[in-house]
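# Architecture at a glance
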Amino acid sequence: MLGFLKEPVVVTAKINVSLVALTVMGLMSRLWRLCYPRAVVFDEVYYGQFVSLYMKRIFFVDDSGPPFGHMLLALGGYLGGFDGNFLWNRIGAEYSINVPVWTLRLLPALAGALCVPLAYQILAELHFSHCAALGAALLILLENSLITQSRFMLLESILIFFILLAVLSYLKFYNLQKHSSFSGSWWFWLLLTGVACSCAVGVKYMGLFTYMLLLATAGLHFWHMIGDQNLSNVCSTCLFCCFPCLGDVELSLFFQVSLLCHFLARALALIIIPMGLYLSFFYVHLALLYRSGPHDQIMTSAFQASLEGGLARITQGQPLEVAYGSQITLRNVLGKPMQCWLHSHTNTYPIRYENGRGSSHQQQVTCYPFKDVNNWWIVKDPGMQQLVVSNPPRPVRHGHIVQLVHGITTRYLNTHDVAAPLSPHSQEVSCYIDYNISMPAQNLWRVEIVNRESDTDVWKTILSEVRFVHVNTSAVLKLSGASLPEWGYRQLEVVGEKLSKGYHQSMLWNVEEHRYGKSQEQKEREVELHSPTQMDISKNLSFMAKFTELQWKILTLKNEDTEHKYSSSALDWITMDTNIAYWLHPTSGAQIHLLGNVATWASANAAALLYLCLSLWYLLRRRRRIYDIPEDAWQLWMAAGGICGGGWAVNYLPFFLMEKTLFLYHYLPAVTFQILLIPVVLQHLSDHLCRSVLLKSMFSALVVAWFSWVYFVYCTFSPLTYGQPALAPAELRALRWKDTWNILIRKQ
């Protein structure tokens, strides 16, 4: 039984020494003196705030993208024992002793370092030579902009890592397709492609561009598979050898089933699993951030009430069902230009506005952005006089007619055919004052629950989104968003929208604070309106409801884009006519800039242009049935262009359509793909255009000289990449190779 112990157990492994060496060099270039400078560098002031909020479990919304990248940065803080106590308010501020700078910057640095071996493997999987793959990795290694971006608590290096990992995984999967379909390694690389794509999108929505490229590539490959006669013949031959009695119909049916399995495998790995993983990012995000904070004010009342503290402390224990006699506050669902509540006060509209138009001189109704006792309203049954909840309570349902009585002034919410103060095409909304003139009260409102499940749904606290439709005029109570003049205390205008098509959020309201009224006397009721609620009702939202709301806020919530000192246009990136000063030492001339390797960027532009020209030339010649290169070389050329050139295009061209503040670092994913195109073009020129030994030798010498130039530029600008050593003013002026570069020079 123990005979196997008589022989030694031998394990053999193939180790690519070049790949190991590249990985080590990548780690050295990105991790060297990672704690320097021990100060806030550029956008660390932005991402650091979110890390602190994660450490304190406080909810936040970042309109720049999904939460996965932020969670990875927070993981670095967690591993370093960060407690979240640091004031991220100024670039250049010195980190306090409790901030684990090394671990906060570790994950971006590791991601940037691993991009070097990934570049090598991508070129190898595209079937280019070892020299071409080595050249691609060295170019990524010596790219100053990628080094700078990966050495700080920023997201671009993590994004690029997942993008390159997705590309490499798909190429490995595709190369296994012909010989090892549905094998363990085939499944591994296919699944890893979907996971990496989901992670890229989860870091920044820019990852969606590469994800779409890979989906299109997978679709194109599957389309070719359908018409691949060789694959059909292989399947038929294998089956015929195993089951010689099968006929043509059975063989054809098997081939169709095989294609269906291929399609389902790709759909599972590239669509379903990435979607599930994307949802999981938000699940973890929401599970971690369960405490109320300043950002939750833009969320709905239901979302706020699900968080610990904040609104939850106020709304905990409120009655769930709104009944006749309920005392309520009504929050506008839109939340723009700011959250606000339906409000009234004793002041009236001016008899005449500044433009000469007249008003009803009724009591003002506005939307007030602060909690106030004048935000309380009482839901009244038009057929009864009482303003208290009966026993048992009579709930208000969808379609019921109600009157809304202002709690403090006891006047009824009213609208009529009088133009609103700032929106003359809409009706004025007021609280009715009887001036004993020919203007009767019109204060009946129909409750329409927009998110109802049936027409008999009960109006619910926090959960129901309702429209108030005026019975007499069919106008809908709406927040116009305009700010009233001084006579309206700069509060927001509320109008009756006469032409109300659809359910715009400005027309929707939800009950935020709610109690069952018990006091019929006005003085007692005023005391009651100031007191907290006491009853226990849970209003927990499901994960999908919270995810849907948060995702919508991320996509639609946009901060005002202001011109930044270092913002740029997409056209500036190609020629690197711009830079970004990331950090400046407070006393010396030491500084860090986001600047690319000029030699590499110029070569990448030349390679892209040459690739385009050669491709057009080959296509024209092939149209005339003139084949300048072998078919396998043509397929290799096109495949490399689809991945490298396509990767550059999809990560660059969309920025021309974006209306947002742009920075040079937005170009880094695109330029990474463009850099990979350089060795592709160089090998193609060497293999197919340099036909003699002399030409090949001369071309190799030029490549060595060119690469020496790349290394020289890297060394020249490394003081601005690593921030050391500090340079004298004359040395800094010498590095201003372009007049548009903003190199910081202190006055002597």
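Residues numbered from 1 in each chain as written. Predicted model: local features only at pLDDT ≥ 70, side-chain atom pairs only at ≥ 80, totals over all residues. Heavy atoms only, no water.

The protein carries the name Protein O-mannosyl-transferase 1 in an unreviewed UniProt entry, which gives Junco hyemalis as its organism. UniProt's Pathway (unreviewed entry) comment on the protein is quoted here verbatim: "Protein modification; protein glycosylation." Quoted straight from UniProt, the Sequence similarities (unreviewed entry) entry for the protein says "Belongs to the glycosyltransferase 39 family." (UniProt positions renumbered as here; feature names shortened; annotations may be inferred.)

Running from N to C, helix H7 (residues 156–175) and helix H8 (residues 184–203) point in directions that differ by 155 degrees, and their axes come no closer than 8 Å. Our classification of the angle between H7 and H8 gives roughly antiparallel. The interaxial crossing formed by H7 with H8 has left-handed handedness. In contact with Ile-158, Leu-159, Phe-162, Ile-163, Leu-165, Ala-166, Ser-169, Tyr-170, Lys-172 and Phe-173 of H7, H8 contributes Trp-186, Trp-189, Leu-190, Leu-192, Thr-193, Ala-196, Cys-197, Cys-199, Ala-200 and Val-203. (Axes fitted to C-alpha atoms, helices over the stretch in contact; angles between N-to-C directions. Helix = DSSP H or I, 4+ residues; strand = E, 2+ residues; numbered from the N terminus. Parallel < 35°, antiparallel > 145°, perpendicular 65-115°, else oblique. Left-handed = near helix turned anticlockwise from the far one by under 90°. Contact = heavy atoms within 4.5 Å.)

Applying the stated criterion to the full structure yields 49 aromatic pairs. With a centroid separation of 5.6 Å and an interplanar angle of 75 degrees, the aromatic rings of Tyr-36 and Trp-583 are classed as edge-to-face. Here the residue Tyr-36 occupies a position in the loop between helix H1 (17–31) and helix H2 (44–55), and Trp-583 occupies one in strand S13 (residues 580–584), the gap between them amounting to 547 residues. Taking relative accessible area as the criterion, Trp-583 reaches 5% and is therefore assigned buried. Centroid distance Phe-42 to Phe-663: 6.3 Å. Interplanar angle 75 degrees. Geometry classified as edge-to-face. Taken as a pair, Phe-42 in the loop between H1 and H2 and Phe-663 in the loop between helix H18 (631–652) and helix H19 (668–689) lie far apart in primary sequence, 621 residues in all. A connected cluster of aromatic rings, assembled from ring pairs, spans Phe-209, Trp-573, Trp-601, Trp-648, Tyr-652, Phe-655, Phe-656 and Tyr-667. The ring of Tyr-36 carries the charged tip of Arg-33 above its face, separated from the ring centre by 5.2 Å. (Phe/Tyr/Trp six-rings, centres within 6.5 Å; stacked < 30°, edge-to-face > 60°. Buried < 20%, exposed > 50% of the residue type's maximum accessible area, 1.4 Å probe, protein only. Lys NZ or Arg CZ within 6 Å of the ring centre and 35° of its normal.)

Attention now goes to the state of the cysteines. Scanning all chains against the criterion turns up one disulfide. Covalent S-S linkage joins Cys-340 and Cys-367, the inter-sulfur distance amounting to 2.2 Å. Its S-S torsion of about 90 degrees marks the bond between Cys-340 and Cys-367 as right-handed, since a negative value means left-handed. Note that Cys-340 is positioned in the loop between strand S1 (326–332) and strand S2 (341–348) and Cys-367 in strand S3 (residues 363–368), a separation of 27 residues in sequence. Here the two residues Cys-340 and Cys-367 agree in accessibility, since each one is buried. Left unpaired, Cys-431 is separated from the closest cysteine sulfur, that of Cys-367, by 13 Å. (Disulfide = S-S within 2.5 Å.)

The next point concerns the nonpolar core. By size, the foremost hydrophobic cluster in this structure holds 156 residues, and its most contacted members are Phe-59, Ile-122, Phe-162, Ile-580 and Tyr-582. Filtering out sequence-adjacent residues up to four positions away, Phe-59 remains in contact with Leu-286, Leu-289, Arg-291, Gly-293, His-295, Asp-296, Met-299, Phe-303, Leu-307 and Leu-550. (Core = buried A, V, L, I, M, F, W, Y, C linked by side-chain atoms within 4.5 Å.)

Turning our eyes to something else, we now look at a nonpolar patch on the surface. A cluster of nonpolar side chains, Ile-15, Val-17, Val-20, Val-24 and Met-28, forms an exposed patch at the surface whose accessible area comes to about 510 Å². Mapped onto the elements, Val-20 comes out in helix H1. A relative accessible area of 42% means that Val-20 is categorised as partly exposed. (Patch = residues over 30% accessible without salt bridge, like charges linked within 9 Å, V, L, I, M, F, W, Y side chains within 5 Å. Areas by Shrake-Rupley, 256 points an atom, 1.4 Å probe, with all protein chains shown as cover. Salt bridge = Lys/Arg side-chain N within 4 Å of Asp/Glu carboxyl O.)

For the rest of this paragraph, the subject is the pairing of strand S4 (residues 376–380). Of all five residues in S4, five are buried; the element is thus mostly enclosed. Of the two faces of S4, the one holding Trp-376, Ile-378 and Lys-380 and the one holding Trp-377 and Val-379 are both buried throughout. Sheet topology note: the S1/S4 ladder contains three bridges and is antiparallel. If you follow Thr-329 over to S4, its bridge partner there is Trp-376. (Pairing = 2+ DSSP bridges.)

This part covers the environment of Gly-77. Relative to the helices and strands, Gly-77 resides in helix H3 (residues 68–79). On a C-alpha basis, the gap between Gly-77 and Gly-488 in space is 48 Å, while along the polypeptide they are 411 residues apart. Apart from residues no more than four positions distant in its own chain, Gly-77 is found in contact with Met-55, Phe-82, Pro-100 and Leu-104.

This part is about the side chain of Thr-578. In this fold, Thr-578 is placed in the loop between helix H16 (570–574) and S13. Residue contacts for Thr-578: discarding those within four places in its chain leaves Tyr-566, Ser-568, Asp-572, Trp-573, Leu-595, Leu-664, Thr-740 and Trp-741.

Counted at 1.5 Å a residue, the expected span for helix H15 (residues 543–556) with its 14 residues is 20 Å, and the 20 Å between its end C-alpha atoms agrees. Among the residues of H15, Lys-546, Phe-547, Glu-549, Leu-550, Gln-551, Lys-553 and Ile-554 are the ones counted as buried. (Expected span 1.5 Å × (residues − 1).)

Okay, the packing of helix H17 (residues 598–623) against H18 next. Close contact between H17 and H18 brings their axes to 12 Å; oriented N to C, the two are set at 140 degrees. Taken as axis vectors, H17 and H18 run oblique relative to one another. Crossing of H17 over H18 shows left-handed handedness. Where H17 approaches H18, its residues Tyr-611, Leu-614, Ser-615, Tyr-618, Leu-619 and Arg-622 are matched on the opposing element by Glu-631, Trp-634, Trp-637, Met-638, Gly-641 and Gly-642. A per-class count over the contact of H17 with H18 returns seven nonpolar, three polar and two charged. (Nonpolar A, V, L, I, M, F, W, Y, C, P; charged D, E, K, R; others polar.)

What follows covers the pattern of salt bridges. Scanning all chains against the criterion turns up 16 salt bridges. Here Lys-371 ties to Glu-513 by a salt bridge, and the two come within 3.6 Å at their closest N and O atoms. Here Lys-371, found in the loop between S3 and S4, pairs with Glu-513, found in strand S12 (residues 509–516); they are 142 residues apart in sequence, far enough to count as distant. Look at Lys-371 and you get partly exposed, because its relative accessible area is 41%. Glu-513 sits in the buried class, given a relative accessible area of 14%. Of the charged contacts in the structure, one is a salt bridge between Arg-622 and Glu-631, with a shortest N-O distance of 2.9 Å. Under the relative-accessibility criterion, Arg-622 is labelled buried at 19%. Looking at Glu-631, the relative accessible area reads 41%, which means it is partly exposed.

Let us look at the environment of Ser-169. Take Ser-169: it is sitting in helix H7. Of the residues examined, Ser-169 reaches a relative accessible area of 0% and is grouped as buried. Setting aside anything within four residues of it in sequence, one finds Ser-169 in contact with Trp-189, Leu-192 and Thr-193.

Turning our attention to the confidence of the model for the protein. Of the residues in the protein, 91% reach a pLDDT of 70 or more, and the chain-wide mean stands at 88. Across the protein, the element-wise mean pLDDT spans from 50 in helix H10 (residues 229–242) up to 97 in helix H4 (residues 101–125). When the criterion is pLDDT under 50, residues 234–240 qualifies, and its contacts beyond four places in sequence or with other chains add up to eight contacts. Residue range residues 532–539 is modelled with pLDDT below 50. Its contacts to residues more than four positions away, or to other chains, number 22 contacts. (pLDDT = per-residue confidence, 0-100.)

Once that is clear, we can look at unusual backbone geometry. Residue Pro-392 is bonded to the preceding Asn-391 through a cis peptide linkage, with omega at 5 degrees. Tracing the backbone shows Pro-392 in the loop between S4 and strand S5 (401–406). The linkage connecting Gln-724 with the following residue, Pro-725, adopts the cis geometry, with an omega of 0 degrees. Here His-127, not a glycine, exhibits a phi torsion of approximately 70 degrees, which is positive. Structurally, His-127 is set in the loop between H4 and helix H5 (130–141). Although it is not a glycine, Ile-462 adopts a positive phi angle of roughly 70 degrees. Mapped onto the elements of the fold, Ile-462 is located in the loop between strand S8 (445–449) and strand S9 (466–470). Using a relative accessible area of 3% as the deciding quantity, one classes Ile-462 as buried.

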